[in-house]
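Descriptive structure summary
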Amino acid sequence: MPVPMPAAVVLIVCKTVIAGPADQNAPYTGYENREWATEHSMMVCRRQEVQLFDQAESLGAAAQPFNLQRCQRSGIMLGTQWDAGHRGSSYRFWRVACPVPIVDTRTGDIIAWKMPECGHRDTVRCEVDAEI
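Just so it is clear, the structure is predicted and the values come from calculations on it, not from any experiment.

Looking at chain direction, strand 6 (residues 100-103) and strand 7 (residues 110-114) are connected through four bridges and run antiparallel. Bridge pairing in strand 7 places V103 opposite I110. Between the antiparallel neighbours strand 6 and strand 7 lie six residues, among them G108 with a positive phi of about 85 degrees.

One covalent bond between the sulfur atoms of two cysteine residues makes up a disulfide. In total, this model carries three disulfides according to the counting rule given. The residue that forms a disulfide with C14 is C45, at a sulfur-sulfur distance of 2.0 Å. Across the disulfide from C14 to C45, rotation about the S-S bond amounts to roughly 95 degrees, and the bridge is consequently right-handed. Taken as a pair, C14 in strand 1 (residues 8-18) and C45 in strand 4 (residues 42-51) lie far apart in primary sequence, 31 residues in all. Judged on exposure class, the residue C14 and its partner C45 are both buried. One disulfide in the model links C71 with C98; its S-S distance is 2.1 Å. Its S-S torsion of approximately -110 degrees makes the covalent link between C71 and C98 left-handed. In this pair, C71 sits in helix 3 (residues 68-85) while C98 sits in the loop between strand 5 (91-97) and strand 6, placing the two residues 27 residues apart along the sequence. You'll find C71 and C98 in the same group, each marked buried. Bonded cysteines in the protein are paired 1-2, 3-4, 5-6 when counted in the order they occur along the chain.

So, about the pairing of strand 1. Most of strand 1 is tucked away, with eight of its eleven residues classed as buried. Note that strand 1 and strand 5 share six bridges and pair antiparallel. Looking at the pairing, C14 lines up with R92 of strand 5. In the sheet, strand 1 pairs with strand 2 (residues 34-36) via three bridges, with the strands oriented antiparallel. Each residue of the ladder has a partner; that of T16, found in strand 2, is W36.

Conventions we followed
Residues numbered from 1 in each chain as written. Predicted model: local features only at pLDDT ≥ 70, side-chain atom pairs only at ≥ 80, totals over all residues. Heavy atoms only, no water. Pairing = 2+ DSSP bridges. Helix = DSSP H or I, 4+ residues; strand = E, 2+ residues; numbered from the N terminus. Disulfide = S-S within 2.5 Å. Buried < 20%, exposed > 50% of the residue type's maximum accessible area, 1.4 Å probe, protein only.

As C-alpha cells, then:
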C-alpha cells in the first residue's frame, strides 16, 4: 500500500537588498526596490518547513488527500502570506518545494517521503533550517 504524501511544504526564502533609489510613492505604497542579495555569487536563503492541516476536515468534511497540486497551491499562498508578514525583514519568498517520494526500485511503490533540501547548490547557499 502506498504511503500518502505528508501535508507539508517547504518555503525557500532568500535575502534581498535595496537596489537603486527609493520609490517616491514608497511612504504610501510600501514598495521597496529590492533585488536578490548575493555573497560570492550565491543567493543566501533559508529553508522553512510548514506543516499543513485540512481545516474543512476538522469541521466535518471528507478528508482530501494531499497531492502535488494541493502542495504547490498551498505553497504559493503561504509564500505570499510570508512576504506580507515579514515586510520588515530583508528576506523574501523565492520558491516552494513539495515532499519527494522515495520509491522501491523493485516494485515501483512509494515507501516513504522526504522533505526537499534547499536546492540549487550551484546558485544558492542555505543558512540553517528554520521554522515559521
